[in-house]
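# Understanding the architecture of this molecule
Single-letter residue listing:
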Amino acid sequence: HSMMIDSRNSTILPKRGALLKINQELAGYTGGDVSFLKEDFELQVNKRLAWDSVLSTSLWGGMLVPLGDKPSSIADRFYLGGPTSVRGFSMYSIGPQSEGDYLGGETYWAGGIHLYTPLPFRPGRGGFGDLFRTHFFLNAGNLCNLNYGEGPRAHIRRLAECIRWSYGAGIVLRLGNIARLELNYCIPMGVQSGDRICDGVQFGAGIRFL
């Protein structure tokens, strides 16, 4: 089940409006080799500022609860890190791992603050130049597994430990209302043992960005 409320004027680089999206998934109720309840959400708010600048804030989060005695599958867990989520880290390289392989997690959160501005001196204004934006960002997040017998306070404390975060700046290119490209210079912080980072230039392409 999915519920979405979207008042943004664009899905790729909105200048105003907000998005709230909630997803719910129940598996294994009628049998099968997996059994879980999965909830996740996405929240984004965009505010137009002076000089055609836009301030955008976003928050993602989710939780997967295995049902019965069956453990969660690696294919159903959440993954975090990369140019479309917590920038400055390699793709899906945050969280539990085994022998260098990342296993995903059963709960996560990620948040970001972004400032989009026109290119300096507005080259190509009114035409091709309007497809580009200058991008300044601050991202943070965490991904882990929980012991569901510990209670909400322990869960919050676990999610607040070892927070990865990054900041940087770059250029964004909007490809119509289909996708966007980013070329950013990233400075990762809060790096934990086993994390793979991308300290410096990072390229990203997609339709859903933190």
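Data block above holds the structure.
Residues numbered from 1 in each chain as written. Predicted model: local features only at pLDDT ≥ 70, side-chain atom pairs only at ≥ 80, totals over all residues. Heavy atoms only, no water.

## Here's the deal with the nonpolar core
Threshold: Put simply, a nonpolar core is a bunch of buried Ala, Val, Leu, Ile, Met, Phe, Trp, Tyr and Cys residues held in one set by side-chain atoms that sit within 4.5 Å of each other. Only protein chains enter the accessibility calculation, which uses a 1.4 Å probe; a residue whose area is less than 20% of its type maximum is buried, one above 50% is exposed, and one in between is partly exposed. Secondary structure elements follow DSSP: runs of H or I of four or more residues count as helices, runs of E of two or more count as strands, with numbering from the N terminus. Any two residues whose heavy atoms approach within 4.5 Å at even a single point are treated as in contact.
Judged by nonpolar contacts, the single largest core of 13 residues is most densely connected at Leu80, Ile94, Tyr108 and Leu143. The set of elements that each furnish at least two residues to this core consists of strand E4 (54-66) and strand E7 (107-117). In this view, Ile94 contacts Leu80, Gly81, Val86, Phe89, Tyr102, Leu143, Arg164 and Asp195; residues no more than four positions away in its chain are not counted.

## A short note on unusual backbone geometry
Of note in the backbone geometry, Asp52 takes a positive phi value of approximately 60° without being a glycine. Note on Asp52: relative accessible area 15%, which makes it buried. The backbone of Cys162 sits at a positive phi, close to 55°, despite the residue not being glycine. Its place among the elements puts Cys162 in the loop between helix H1 (152-160) and strand E9 (164-175).

## Here's the deal with the sheet that holds E7
Stated formally: Only when DSSP finds a minimum of two bridges between them are two strands counted as paired. Interaxial angle, 0 to 180 degrees, is taken between N-to-C directions of lines fitted to C-alpha atoms, where a helix line uses only the stretch in contact.
Pairing within the open sheet is antiparallel, and its nine strands lie in the order E1-E2-E3-E4-E7-E8-E9-E10-E11. Where the open sheet ends on each side, the last strands, each with one partner, are strand E1 (2-6) and strand E11 (200-206). Across the sheet, the mean angle from the axis of one strand to that of its neighbour is 15°, orientation sign disregarded. Examined bridge by bridge, strand E10 (residues 179-189) and E11 share seven bridges and lie antiparallel to one another. Each bridged residue has a counterpart across the sheet, and for Asn184 the counterpart in E11 is Gln202.

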